[in-house]
Amino acid sequence: GAGVSQSPSNKVTEKGKDVELRCDPISGHTALYWYRQSLGQGLEFLIYFQGNSAPDKSGLPSDRFSAERTGGSVSTLTIQRTQQEDSAVYLCASSLGSGSLQETQYFGPGTRLLVL
Amino acid sequence: AQTVTQSQPEMSVQEAETVTLSCTYDTSENNYYLFWYKQPPSRQMILVIRQEAYKQQNATENRFSVNFQKAAKSFSLKISDSQLGDTAMYFCAFMKIDGYALNFGKGTSLLVTP
């Protein structure tokens, strides 16, 4: 079946603008994760969803970042008032969420965000 | 917090040869999971191999195998019979046994040459 998809693939925006990044998980996967990959910080965990709820938002770097998930499927990561340090690749992953601690996280191709 | 260290930013190997990528980690946990992910230029992270810390036997997946040394907190990846398609960034990652967030190292860029 189809893997995790993310859109847009690339996004260029001006400093101060808001952006929305979208993630479509694998059908039937109840767990969803957002990570950020930047040159300076490497790969960082941002947020985890189980169904529509986010039990762990500890990785969100500031209150300009928010995420939601509706219908237990699509998730949107929103960055308000973007700053140049927000430039990075934003990766989404999903897993079955069956409770198995050995679940594999399947990643999407990411969205490359460039803030000018 | 757990830290994952990959001390080799870049490595190169000739086709058909064997290469070993290093990974060390720091944790106070006794049970956990370790992973190697591959990220080709397409950016998509692909799971290569996974190891459960409570298993003494080293995991293997075809040409990929690990050398897991729990006491030394070391988790190296061996790629045998390297292929051009193995060219990619390789990330070592740690997950607590009751966790869900992957904690990644900085990565090793592997180039396989003809």
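Above this note sits the structure.
Definitions and cut-offs
- Residues numbered from 1 in each chain as written.
- Chains lettered and ligands numbered in written order.
- Predicted model: local features only at pLDDT ≥ 70, side-chain atom pairs only at ≥ 80, totals over all residues.
- Heavy atoms only, no water.
- Helix = DSSP H or I, 4+ residues; strand = E, 2+ residues; numbered from the N terminus.
- Rg over C-alpha atoms; globule rule 2.2 N^0.38 Å.
- Buried < 20%, exposed > 50% of the residue type's maximum accessible area, 1.4 Å probe, protein only.
- Contact = heavy atoms within 4.5 Å.
- Areas by Shrake-Rupley, 256 points an atom, 1.4 Å probe, with all protein chains shown as cover.
- Buried area = accessible area lost by both parts, 1.4 Å probe.
- Salt bridge = Lys/Arg side-chain N within 4 Å of Asp/Glu carboxyl O.
- Polar contact = N/O pair within 3.5 Å; in protein donor to acceptor, adjacent residues only side chain to side chain.
- Nonpolar A, V, L, I, M, F, W, Y, C, P; charged D, E, K, R; others polar.
- Core = buried A, V, L, I, M, F, W, Y, C linked by side-chain atoms within 4.5 Å.
- Pairing = 2+ DSSP bridges.
- Axes fitted to C-alpha atoms, helices over the stretch in contact; angles between N-to-C directions.

**Student:** Residue-level account of the overall build of chain A, with values.
**Tutor:** Summing up its helical and strand segments, chain A has zero helices and eleven strands in all. Written out in order from the N terminus, the α and β elements of chain A read β-β-β-β-β-β-β-β-β-β-β. Taken over C-alpha atoms, the radius of gyration comes to 14 Å for chain A, in line with the 13 Å a tight globule of 116 residues would show. For chain A, with 116 residues in total, the buried portion stands at 48%. If you take every contact in chain A between residues at least 6 apart in sequence, the share linking residues at least 24 apart comes to 54%. Per element, the accessible surface of chain A, about 5400 Å² overall, is 47% carbon and sulfur.

**Student:** Kindly report on the interface of chain A and chain B, identifying the contributing residues and their values.
**Tutor:** It is common to give the size of an interface as the accessible area lost on bringing the parts into contact. The interface is formed by 25 residues belonging to chain A together with 20 residues belonging to chain B. Note on chain A versus chain B: buried area summed over both sides is about 1900 Å², and carbon and sulfur give 49% of it. Across the contact surface, chain A and chain B share zero salt bridges. On inspection of chain A and its partner chain B, the count reaches ten residue pairs in polar contact (both at pLDDT 80 or more). Counting residues per element, the ones that place at least two in the side of chain A that touches chain B are strand E4 (31-38), strand E5 (42-50), strand E9 (88-95) and strand E11 (111-115) of chain A. Among the elements that make up the side of chain A that touches chain B, the one with the highest residue count is E5(A) (four residues). Class assignment for the residues of the side of chain A that touches chain B results in ten nonpolar, twelve polar and three charged.

**Student:** Could you give an account of the nonpolar core, with specific residues and numbers?
**Tutor:** Residues B:Tyr25, B:Trp36, B:Phe75, B:Leu77 and B:Tyr90 are the most contacted members of the largest nonpolar core, which totals 25 residues. When contributions to this core are tallied by element, the ones reaching two or more residues are strand E3 (19-21), strand E5 (32-39), strand E6 (46-52), strand E8 (64-69), strand E9 (74-79), strand E10 (88-96) and strand E12 (108-113) of chain B. Counting residues per element, this core draws most heavily on E10(B), at four residues. Counting 20 residues, the second largest nonpolar core, distinct from the first, contains A:Val19, A:Leu60, A:Leu77 and A:Leu113.

**Student:** So, the pairing of strand E6 (residues 53-56) of chain A: which residues are in play, and what are the values?
**Tutor:** All names here are of chain A. Note: E5 against E6, two bridges, orientation antiparallel. Paired with glutamine 50 across the bridge in E6 is serine 53. Between the antiparallel neighbours E5 and E6 lie two residues, among them glycine 51 with a positive phi of about 65 degrees.

**Student:** Account for the sheet that holds strand E1 (residues 5-7) of chain A, with residues named and values stated.
**Tutor:** All names here are of chain A. Taken in spatial order, the four strands make up an open sheet running E1-E3-E8-E7, and their pairing is antiparallel. Whereas interior strands pair on both sides, the edge strands pair on one side only; in this sheet they are E1 and strand E7 (65-69). Averaged over all pairs of adjacent strands, the angle between their axes in this sheet comes to 15 degrees, without regard to strand direction. Note that strand E3 (residues 19-24) and strand E8 (residues 75-79) share five bridges and pair antiparallel. Residue pairing in the sheet places cysteine 23 in a bridge with serine 75 of E8.

**Student:** Got a sec to walk through the side chain of A:Asp86? Specific residues and values, please.
**Tutor:** All names here are of chain A. Positionally, aspartate 86 belongs in the loop between E8 and E9. A polar side-chain atom of aspartate 86 sits 2.8 Å from a polar atom in the side chain of arginine 64. One polar contact links the side chain of aspartate 86 to the main-chain amide nitrogen of glutamine 83, over a distance of 2.8 Å. Not counting residues up to four positions away in its chain, the partners in contact with aspartate 86 are Arg36, Arg64, Phe65, Ile79, Leu113 and Val115.

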